[in-house]
Each structure stands twice: as structure tokens, then as C-alpha cells.
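Architecture at a glance
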Amino acid sequence: MSVAFTKEDSAETASETQLPDRPISPHPNLVTAAGLAALERQLAAARAACEAAQTIEDVNERRRQEAVPLRDARYLAVRVRTAQVIPDPTSTEVVAFGSAVTFQRPDGRVQTFRIVGEDEADPKAGSISFVSPVARLLLRKSVGDVVGTGDHELEILAIK
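Treat the numbers as computed from the prediction; the structure is a model and nothing was measured.

1. Regarding the overall build of the chain
Counting secondary structure elements, the chain contains 4 helices and 7 strands. When the helices and strands of the chain are placed in sequence order, the string is α-β-α-α-β-β-β-β-α-β-β. Its C-alpha atoms give the chain a radius of gyration of 22 Å, more than 25% over the compact-globule value 15 Å for 160 residues. With respect to the three principal axes, the spread of C-alpha positions in the chain is 75 × 30 × 25 Å. When each of the 160 residues of the chain is scored for burial, the buried share is 34%.

2. Observations regarding the packing of helix H2 (residues 33-53) against helix H3 (residues 59-82)
In a packed pair of helices, the relevant descriptors are the angle between the two axes and the axis-to-axis distance. Across the interface, H2 lies against H3 with an axial gap of 8 Å and an inter-helix angle of 155°. On the basis of their axis angle, the class for H2 and H3 is roughly antiparallel. Between H2 and H3 lies a crossing of left-handed hand. From H2, Leu36, Leu39, Glu40, Gln42, Leu43, Ala46, Arg47, Ala49, Cys50 and Ala53 reach across to H3, where they touch Arg62, Gln65, Glu66, Pro69, Leu70, Asp72, Ala73, Leu76, Ala77, Arg79 and Val80. Of the residues in the contact of H2 with H3, the class split is 13 nonpolar, 2 polar and 6 charged.

3. Quick notes on the pairing of strand S7 (residues 154-159)
Note: strand S3 (residues 100-104) against S7, 4 bridges, orientation antiparallel. Directly across from Val101, in S7, lies its bridge partner Ile159. In this structure, strand S6 (residues 146-147) lies alongside S7, joined through 2 bridges in antiparallel fashion. Residue pairing across strands places Val147 opposite Leu154, the latter belonging to S7. From the end of S6 to the start of S7, which pair antiparallel, there are 6 residues, and Gly148 there has a positive phi angle of about 95°.

4. Brief notes about H3
For H3, with 24 residues, the first-to-last C-alpha span of 33 Å sits near the 34 Å given by 1.5 Å per residue. Along H3, the sharpest kink reaches roughly 40°, centred on Glu66 and followed within four residues by the proline Pro69. For H3, the complete set of buried residues consists of Asn60, Arg62, Glu66, Ala67, Pro69, Asp72, Ala73, Tyr75, Leu76 and Arg79. Capping the start of H3, Asp58 holds a side-chain oxygen 3.2 Å from the backbone nitrogen of Asn60, two or three residues further along.

5. Examining the environment of Phe97
Along the chain, the position of Phe97 falls in the loop between strand S2 (84-85) and S3. By relative accessible area, Phe97 is classed as buried at 11%. If we skip the residues at most four places from it in the chain, Phe97 touches Leu30, Val31, Thr32, Ile86, Pro89, Ile115, Val116, Gly117, Phe130 and Leu139.

6. Describing the sheet that holds strand S5 (residues 127-129)
Here we have 5 strands laid out as an open sheet, ordered S5-S4-S3-S7-S6, and mixed in their pairing. Bordering the open sheet on either side are S5 and S6, each of which pairs with just one other strand.

7. Side note on the pattern of salt bridges
With the rule as written, the count across this model stands at 8 salt bridges. Glu118 is paired through a salt bridge with Arg79; the nearest N and O atoms lie 3.9 Å apart. Here Arg79 lies in helix H3 and Glu118 lies in the loop between strand S4 (110-116) and S5, a separation of 39 residues in the sequence. Under the relative-accessibility criterion, Glu118 is labelled partly exposed at 24%. Exposure remark for Arg79: the relative accessible area of 3% places this residue in the buried category. When the shortest N-O distance is used, the salt bridge between Asp88 and Arg114 registers 3.1 Å. Highlighted residues: Asp88 in the loop between S2 and S3 and Arg114 in strand S4, separated in sequence by 26 residues. The exposure class of Arg114 is partly exposed, given its relative accessible area of 28%. Through salt bridges with shared partners, one network takes in Arg22, Arg71 and Asp72.

Thresholds, definitions, all that
Residues numbered from 1 in each chain as written. Predicted model: local features only at pLDDT ≥ 70, side-chain atom pairs only at ≥ 80, totals over all residues. Heavy atoms only, no water. Helix = DSSP H or I, 4+ residues; strand = E, 2+ residues; numbered from the N terminus. Rg over C-alpha atoms; globule rule 2.2 N^0.38 Å. Buried < 20%, exposed > 50% of the residue type's maximum accessible area, 1.4 Å probe, protein only. Axes fitted to C-alpha atoms, helices over the stretch in contact; angles between N-to-C directions. Parallel < 35°, antiparallel > 145°, perpendicular 65-115°, else oblique. Left-handed = near helix turned anticlockwise from the far one by under 90°. Contact = heavy atoms within 4.5 Å. Nonpolar A, V, L, I, M, F, W, Y, C, P; charged D, E, K, R; others polar. Pairing = 2+ DSSP bridges. Expected span 1.5 Å × (residues − 1). Bend = angle between axes of the 7 residues up to and from the residue. Polar contact = N/O pair within 3.5 Å; in protein donor to acceptor, adjacent residues only side chain to side chain. Salt bridge = Lys/Arg side-chain N within 4 Å of Asp/Glu carboxyl O.

Set out below in C-alpha cells:
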């Protein structure tokens, strides 16, 4: 009888549900206090999803349901363990990790981004990673500085 018609556990099915680990960044795991709290919440949610999957009787379905949360829990556990909380900047004179920077692009658009850790970065929500090209241009600069070249120049208007 073909394995397709049985509910038995198979090595093939097991390998299909074991996802590869999420890559860990080679950069230091700098985070804001809010970023660490978010990582901890995500880790708790991944662990809860794993526990919920354990209640599923069908072993193949259980493995499918726990594959993503298990992978995420492994990743998040490492990120929480290696997190280096950086306090909010005490000065608005120079752009630093945690600063909200308002700048003007050559086309006249004005944008504001907060520079945060890799896992908490969300450009649509107004935050970018400290290792992103834009953040790397802005770090250690002051209001009035123009950074970049040609069509990619940014003028720093404000730092909060």
C-alpha cells in the first residue's frame, strides 16, 4: 500500500515540515528597550503557537502547524539572548541609535525615520535599521549636514 493512503509518520513527511533556521545577522544585535520587549512578545507568541500545535492529534498536521512557530522560536530565543539594549539618546545634537531624524531628499520630499535595531525596523511605520544604507549615512551627523552624493543627497533638518 502506498504511503499516500496511510496516516503513518514518514521520514519524508518529517523532513518536509522541518524548516531551515532563519538567518542571524552578523551585525551586533542592538535594540531599543521597546525593541527588546517586542522580541520577547514575539517569542512568547511563537512558544504559545508551538504549545497549541501539540494538542493536534494527527502527527503530520501537528508537524505542519508547529513548523513555522518552532523556527521562529529558535530565531527569537537567540535574538533575545544576544540583544544589547541601547538607551535612548540624551542629545539631539548628533544622530545616534534611537534618534528620530527628519531629512529632505533632493526631490523635496521630507521624511522622518527613527534608527533602531534590525528586528524592530519597519520603514512603513517610520523606523529603519541602524545597518541600512540611509541610517549609515545619517549616523553621527548634525542638523544642516548634507550627506550622500548627487541624486542621493539628504539634508538633515531635525533630530529628536
